[in-house]
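# Observations on the model geometry
Listed below, chain by chain, are the residues.
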Amino acid sequence: MVPLTQALQGHVDKFKKLRDDLKFLQDSKERQNPLAFFRETMRIMEGLQSLGKEWKDIERLQNKRDREFETLLEEMNPLCGQRTPRTPLDEIELRCRYSDLGGKPYYIIGPLKQEQLNLSPFTVTIYRDLLTESEVRRTNESRLIEPSIRRRLETLVPKLDSIAVREISEKGYNGANAQHRGHSMMLYLESRISGGMALFPGGTFVVAPTSGSLLVSKEHPSICPSSISVNVVTNFNVPLKAKTH
């Protein structure tokens, strides 16, 4: 199912569940503790209010521009628009932690926010808030990598070279057939709630761009289309106008 279909089905399923809960509550009113009855009623009402807000998002997906965008997702890489989410069992070994990289003085003072996104069959790690807001702004404006930022990247990405500020076009980037050796990295200079997500083989998870965060992977990513282009620092070339496949 494409995201629009999933959203509609999810909305209907939530409504049916709340409807059934409300019916059960009404049928068992005489046997209910008054306080418990009140709490359950409030939960159902809040759920119905939440559905009203979700419906606005579904209406947005239904307009012409967004339907075209969904088609673009499918054309660039079908997994951008149709994924098989992994189960909680797949994520049970993943960890988030503060890291000083084995006692490096710089990171003892300010430890890294390290988050494991995937372990097998390849590793994907994101370092949150690696850059400050001012560093992100300067990098976006100058399109240059400051020496202090370069040193941090060299510490975290093995055999780092060819890094530069690059623009991922609205059509995304299909990295499935790219010839890239070693680790791939993306240092995000912008945040996106939807679109511009990094996609990895298997399509079981994606990573949304978060300004100032560094994504490092042993597997080369694709980047899903976005409504507007996304600025990133990468160690691999990205076509200015990525072709759809």
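The structure reproduced in this document is the subject of the present report. The residue count restarts for each chain, going from 1 along the sequence in the order it is written. Reporting in this predicted model follows two pLDDT cut-offs: at least 70 for local features of residues, and 80 or more for side-chain atom pairs to be given and counted; totals over whole chains, interfaces and linings ignore these cut-offs and use all residues. Each side-chain value is derived from all of the structure's non-hydrogen atoms; neither hydrogens nor water enter the calculation.

### A word on a nonpolar patch on the surface
Spelled out, the test is: For patch detection, residues must exceed 30% relative accessible area and be free of salt bridges, and they are connected within 9 Å for like charges or within 5 Å for nonpolar side chains (Val, Leu, Ile, Met, Phe, Trp, Tyr). Every accessible area reported is derived by Shrake-Rupley at a probe size of 1.4 Å, with residue values counting cover from the shown protein chains alone. Salt bridge, as applied in this entry: a Lys or Arg side-chain nitrogen positioned within 4 Å of an Asp or Glu carboxyl oxygen. Helical segments are the DSSP runs of H or I of at least four residues, strand segments are the runs of E of at least two, and each set is numbered from the N terminus.
Together, Phe 15, Met 45 and Leu 48 make up an exposed nonpolar region whose accessible area comes to about 270 Å². By the element assignment, Met 45 lies in helix 2 (residues 34-62).

### Comments concerning the sheet that holds strand 7 (residues 206-207)
Applicable threshold: In this scheme, strands are said to pair when DSSP sees at least two bridges between them.
The sheet built from three strands is open, its strands ordered 7-6-9 with antiparallel pairing. Among the strands making up the open sheet, the edge pair consists of strand 7 and strand 9 (222-223). Alignment of strand 6 (residues 198-199) against strand 9, held across two bridges, turns out to be antiparallel. Residue pairing across strands places Leu 199 opposite Ser 222, the latter belonging to strand 9.

### Considering the packing of aromatic side chains
Heads up, the rule is: When two rings of Phe, Tyr or Trp (its six-membered ring) have centres within 6.5 Å they constitute a pair, described as stacked for plane angles under 30 degrees, edge-to-face for angles over 60, and tilted for the intermediate range. Buried means the residue's accessible area, taken with a 1.4 Å probe over protein chains only, is under 20% of the maximum for its type, while exposed means over 50%, and partly exposed covers the values in between.
One pass over the full model with this rule turns up three aromatic pairs. Seen in terms of ring centroids, Tyr 173 and Phe 236 are 5.6 Å apart; in terms of plane orientation they differ by 20°. Their pairing is stacked. Of this pair, Tyr 173 sits in the loop between strand 4 (164-168) and strand 5 (184-188) while Phe 236 sits in the segment after strand 10 (230-234), and the two are 63 residues apart along the sequence. Considered together, Tyr 173 and Phe 236 belong to a single accessibility category, that of buried residues.

### Concerning the environment of Arg 19
Note on placement: Arg 19 falls in helix 1 (residues 3-27). Expressed as a C-alpha distance, the spacing of Arg 19 and Leu 48, which sit 29 residues apart in the sequence, is 9.3 Å.

### Here we look at helix 8 (residues 147-156)
So the rule is basically this: This arc describes the spread of directions from the helix axis toward the C-beta atoms. Only heavy atoms enter the contact rule, under which two residues are in contact if any of them lie within 4.5 Å.
Listed as buried for helix 8 are Ile 149, Arg 152, Leu 153 and Leu 156. Buried residues of helix 8 fall within an arc of 100° about the axis and therefore sit on the same side. Residues of helix 8 that are exposed and angled more than 90 degrees away from the buried face: Pro 147 and Arg 151. Buried residues in helix 8 make contact with helix 6 (105-109), strand 2 (112-118), strand 3 (124-128), helix 7 (133-142), strand 5 and strand 8 (214-217).

### Thoughts on the side chain of Arg 166
Condition: Whenever two N or O atoms come within 3.5 Å, that pair is a polar contact, provided that in protein one can donate a hydrogen and the other can accept it, and provided that, for residues adjacent in sequence, both atoms are side-chain atoms.
Mapping Arg 166 onto the fold places it in strand 4. A distance of 3.2 Å separates a polar atom in the side chain of Arg 166 from the backbone oxygen of Ser 162. At a separation of 3.1 Å, a polar atom in the side chain of Arg 166 contacts the side chain of Asn 237. Aside from chain neighbours lying at most four places away, what touches Arg 166 is Arg 143, Val 230, Asn 231, Val 232, Thr 234, Asn 235, Phe 236, Asn 237 and Val 238.

### A few points about the nonpolar core
To keep it simple, the criterion reads: By convention a nonpolar core is built from buried Ala, Val, Leu, Ile, Met, Phe, Trp, Tyr and Cys residues, the set being connected through side-chain atoms within 4.5 Å.
If you look at the biggest cluster of nonpolar residues, it comprises 20 residues, and the most contacted ones within it are Leu 153, Met 185, Leu 187, Leu 214 and Val 233. Contributing elements (two or more residues each) for this core: helix 8, strand 5 and strand 8. Broken down by element, the residue count for this core peaks at three residues, all from helix 8. Judged by nonpolar contacts, the second largest core, of 18 residues, contains Val 124, Leu 215, Ile 223 and Val 232.

### Focus: the side chain of Gln 114
Take Gln 114: it is sitting in strand 2. Here Gln 114 falls in the buried class, since its relative accessible area comes to 12%. Only 3.3 Å separates the side chain of Gln 114 from the side chain of Tyr 127, close enough to count as a polar contact. Setting aside its immediate chain neighbours within four residues, Gln 114 contacts Arg 95, Cys 96, Arg 97, Ser 99, Thr 125, Ile 126 and Tyr 127.

### As for unusual backbone geometry
Following Ser 120, the chain continues to Pro 121 via a peptide bond in cis, the omega torsion being 5°. Residue position: Pro 121 is located in the loop between strand 2 and strand 3. Here Lys 159, not a glycine, exhibits a phi torsion of approximately 50°, which is positive. Looking at the element boundaries, Lys 159 is found in the loop between helix 8 and strand 4.

### Description of the pairing of strand 10
Counting buried positions along strand 10 yields five of five residues, so the element is predominantly enclosed. The two faces of strand 10 match: Val 230, Val 232 and Thr 234 on one face and Asn 231 and Val 233 on the other face are all buried. Where strand 4 lies against strand 10, five bridges are found, and the strand directions are antiparallel. Of the residues in strand 10, the one forming a bridge with Ala 164 is Thr 234. The pairing of strand 5 with strand 10 spans three bridges and is antiparallel.

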